[in-house]
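Here is how the chains run, residue by residue.
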Amino acid sequence: MSVALRFDRVSKSFSHHGGRMLLRERLVELARHSRPRFQALKNVSFELAPGESLALVGCNGAGKSTTLNMATGLLLPDSGKIEVNGRVTALLELGAGFHPDLTGAENVRVNAALLGLTRRQTNARFDEIVEFSGIGDFINEPLRTYSTGMAMRLAFSVATASDPDILLIDEVIASGDSAFAERCLEKIRSFQRDGKTLLMASHSPTLITMLCRRALWLHHGQVMACGAPGEILDAYQEATQGSASVSAGGS
Amino acid sequence: MNGRRFQGDYFFLFTNLILKDFKIRYRNMSLGILWSLLNPLVMMGVLTFVFGRVVGGERPQYFPLFVLCGLVPYNFFTGAIMTGTTSIVDNAPLVKRVPVPREVVPVASVLSNCVHLMIQLGLLVGIALAFGIRPGAQWLWLPVVWALYVAFVCGLALGASAINVFVRDTRYVVESFNLLLFWVVPIFYSFSSIPQKYAAIYRFNPVAALVLAMRNILLDRTPPPTSLMMNLVLAAALSLAAGFAIFSQLKMYFYERI
């Protein structure tokens, strides 16, 4: 097992309408044979050795989330290959399986099962999950009584309790209060110390330099550069400022 | 998950998903699971009154029980196929964000309806006992026919839920079909009253087949005939095969379409 995660010339495009089609529109589309598509990733290749950490940088719509989603296996590439060795847990949209009418404890169990934990593992880690979230007695209240931050904390606690080999993060630690953000950061660091692989998308230079040894810059679905976080961030910031001044000059 | 193996515990996963549906449905209702009993009881009362008293003619023995033997399979079918069809679209956050095999979603939604089913079957058995019908060896067929029937509905739900992602009108087609089904399943009339030339068509309707099996077991006190069991087995096998085939062809496009 030489690599934890490998993207080999991966491309992905989406159709523009996003799928909300009624029968009539579908027939029209079939008749016209026209399918305008949006190219989200173009020939993206990178490799992550076990224990390595990589940050994805780039502006909105550059393909960071698409890359993360493909690494989870939720999204398949149009072309190219993705190789994954180990259990992947994604901290993308936290609490995707949460339901407002269920209590915190019930949501923890449902989510743990969805993340692939067994009954025994869930029972064994339950107290630890609740403890880490800092929810306290609220754990037996319906989730709708929680603040956004509390729900996030609970979701983060369940997701990290699933003991992944590869952790995918999409800027979740940005929300929540600073005390909890600190604990999340500490948790991620302890993952790194345990030799887990990390792939994260972030806009925060501090976070990137703190957590990652390498950064990958994506622009319109293409890899612009890959290297040490400092250099990549400089190049990226220069380019975005450059384009901002160009568009400012043009108007 | 697409192509990648789910390493978790399916039993634990299904238990949790079924419990979740059950809790969500009843937590905010003051009458709770009584609703599961009330609906078939009211329908049974109305149908017994209309077809037993208003519309003339000879009625089968134990008419309320006879009607309920038709209603319980019909209710399960309509409820399960409806939630099953919309399950993938309704659980979009789950399908888009949680790497769990997508087949789990429609199957769990059908199985969640089994909780109601158990309550309604309890009611059915209770009423049968109240009419003085004694349990016999043929009652052992009940779990068999129901397991086949649930498998049949799971297959349909798999296919319909996948198609509903692409053609959102599917749920309205299913809704209309359910209305139609009420009349073409022998709920308030008996199979013997169907003219010979249509009887053959009825035989191919698995919902009608289950109604007949229920009446065989509870009212006629005989095991369901072999031909009927063959029909149910065939229906379950075909529907599961077709359902899985359609679902696995379409599931890779779900992410983009919901």
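This next bit is on the overall build of chain B. Regarding its fold elements, chain B presents 11 helices and 0 strands. Counting from the amino terminus, helix and strand elements in chain B follow one another as α-α-α-α-α-α-α-α-α-α-α. Taking 18 Å as the expected radius of gyration for a compact globule of 258 residues, we find that chain B reaches 19 Å, a close match to that expectation. Counting only C-alpha atoms, chain B reaches 55 × 45 × 35 Å along its principal axes. Each of the 258 residues in chain B was classed as buried or not, and the buried ones make up 40%.

Residues and elements named next belong to chain A. Of all the 5 residues making up strand E7 (residues 197-201), 5 are buried; the element is thus mostly covered by neighbouring parts of the structure. What you see with E7 is no split at all: Thr197, Leu199 and Ala201 on one side and Leu198 and Met200 on the other are buried throughout. Relative to E7, strand E6 (residues 166-170) runs parallel, the two being bridged by 5 bridges. The partner of Leu168 across the bridge, within E7, is Leu199.

Residue and element names in this part refer to chain B. Relative to each other, helix H2 (residues 34-54) and helix H5 (residues 104-130) sit at 55°, their axes nearing to 9 Å. With respect to H5, the axis of H2 lies oblique. In the crossing of H2 with H5, the sense of the turn from one axis to the other is right-handed. Taken together, the residues of H5 that come into contact with H2 (itself represented by Ser36, Leu37 and Pro40) are His116, Ile119, Gln120 and Leu123. Of the residues that constitute the contact of H2 with H5, the class distribution is 4 nonpolar, 3 polar and no charged.

What follows concerns the interface of chain B and chain A. The partner chain A presents 30 residues to the 32 residues of chain B that form the contact. Residue assignment for the side of chain B that touches chain A shows that the elements contributing at least two residues are helix H1 (10-27), helix H4 (92-97) and helix H11 (254-257) of chain B. Its residues placed into classes, the side of chain B that touches chain A shows 15 nonpolar, 6 polar and 11 charged.

Time to look at the environment of B:Gly122. Residue and element names in this part refer to chain B. Within the secondary structure, Gly122 sits in helix H5. Overall, the presence of 12 C-beta atoms within 10 Å leaves Gly122 in the exposed class. Once the C-alpha coordinates of Gly122 and Leu37 are considered, the two residues, 85 residues apart in sequence, prove to be 9.3 Å apart.

Given 3.6 residues per turn, any residue in an α-helix points the same way as the ones three and four places further on. Residue and element names in this part refer to chain B. The first and last C-alpha atoms of helix H9 (residues 206-220) sit 19 Å apart over 15 residues, in line with the 21 Å expected at 1.5 Å per residue. With respect to burial, H9 is a largely interior element, 12 of its 15 residues being buried. Among all positions of H9, only Pro206, Val207, Ala208, Ala209, Leu210, Val211, Leu212, Ala213, Met214, Arg215, Ile217 and Leu218 are buried. Where H9 is buried, its residues touch helix H3 (63-90), H5, helix H6 (141-166), helix H7 (170-184), helix H8 (196-203) and helix H10 (226-250).

What follows concerns the sheet that holds strand E2 (residues 37-48) of chain A. Residues and elements named next belong to chain A. A sheet is described by the order of its strands in space; here 3 strands give the open sequence E2-E1-E4, paired in antiparallel fashion. Looking at which strands have only one partner, the edges of the open sheet turn out to be E2 and strand E4 (79-84). Sheet twist, expressed as the average angle between the axes of neighbouring strands with direction ignored, equals 25°. The pairing of strand E1 (residues 5-15) with E2 spans 8 bridges and is antiparallel. When the bridges of E2 are listed, Phe7 appears paired with Phe46.

Let's shift gears to the sheet that holds strand E9 (residues 222-227) of chain A. Residue and element names in this part refer to chain A. Here we have 6 strands laid out as an open sheet, ordered E5-E6-E7-E3-E8-E9, and mixed in their pairing. Looking at strand neighbours, the two that pair on one side only are strand E5 (88-91) and E9, the edges of this open sheet. Across the sheet, the mean angle from the axis of one strand to that of its neighbour is 15°, orientation sign disregarded.

Attention shifts here to H1(B). For H1(B), which comprises 18 residues, the first-to-last C-alpha distance of 25 Å matches the rise-based estimate of 26 Å (1.5 Å per residue) to within 8%. Inspection of H1(B) places B:Leu13, B:Asn16, B:Leu17 and B:Lys20 among the buried residues, and these make up the whole buried set. Along H1(B), the residues classed as buried sweep out an arc of 95° about the axis, all on the same side. Residues of H1(B) that are buried make contact with helix H3 (104-114) of chain A together with H5 of chain B.

Residues and elements named next belong to chain B. Across chain B, the average pLDDT comes to 90, with 98% of residues at or above 70. Looking over chain B, one finds the lowest element-wise mean pLDDT in H8, namely 81, and the highest in H6, namely 96. Prediction confidence for the complex, expressed as pTM and ipTM, is 0.86 and 0.81 respectively.

General note: in soluble globular proteins, nonpolar side chains tend to be found buried as a group. In this structure, A:Leu168, A:Leu199 and B:Val153 are the most contacted members of the largest nonpolar core, which totals 133 residues. Both of domain 1 (1-87 + 166-178 + 194-251) and domain 2 (94-163) of chain A provide at least three residues apiece to this core. If we ignore the near neighbours within four places in the chain, the residues touching B:Val153 are B:Phe77, B:Ala80, B:Ile81 and B:Val110.

This part is about unusual backbone geometry. Residue and element names in this part refer to chain A. Even without being a glycine, Asn43 presents a positive backbone phi close to 50°. Relative to the helices and strands, Asn43 is located in strand E2. Judged by C-beta crowding, with 14 C-beta atoms within 10 Å, Asn43 ranks as partly exposed. With phi around 55°, Asp163 is a residue other than glycine that occupies positive phi space.

Right, let's get into the environment of A:Lys187. Inspection of the secondary structure puts A:Lys187 in helix H6 (residues 178-193). Separated by 26 residues in sequence, A:Lys187 and A:Ala161 have C-alpha atoms that sit 10 Å apart.

So, on to the environment of A:Asp137. Residues and elements named next belong to chain A. Mapped onto the elements of the fold, Asp137 is located in the loop between helix H4 (119-133) and helix H5 (148-161). The exposure class assigned to Asp137 is exposed, which follows from the 8 C-beta atoms found within 10 Å. For the pair formed by Asp137 and Gly104, sequence separation is 33 residues and the distance between their alpha carbons is 9.8 Å.

Rules behind the numbers
- Residues numbered from 1 in each chain as written.
- Chains lettered and ligands numbered in written order.
- Predicted model: local features only at pLDDT ≥ 70, side-chain atom pairs only at ≥ 80, totals over all residues.
- Helix = DSSP H or I, 4+ residues; strand = E, 2+ residues; numbered from the N terminus.
- Rg over C-alpha atoms; globule rule 2.2 N^0.38 Å.
- Buried ≥ 20, exposed ≤ 12 C-beta atoms within 10 Å, placed from the backbone.
- Pairing = 2+ DSSP bridges.
- Axes fitted to C-alpha atoms, helices over the stretch in contact; angles between N-to-C directions.
- Parallel < 35°, antiparallel > 145°, perpendicular 65-115°, else oblique.
- Left-handed = near helix turned anticlockwise from the far one by under 90°.
- Contact = placed C-beta atoms within 7 Å.
- Nonpolar A, V, L, I, M, F, W, Y, C, P; charged D, E, K, R; others polar.
- Expected span 1.5 Å × (residues − 1).
- Arc of directions from axis to C-beta.
- pLDDT = per-residue confidence, 0-100.
- Core = buried A, V, L, I, M, F, W, Y, C linked by C-beta atoms within 7 Å.
- Domains from an automatic or database assignment.

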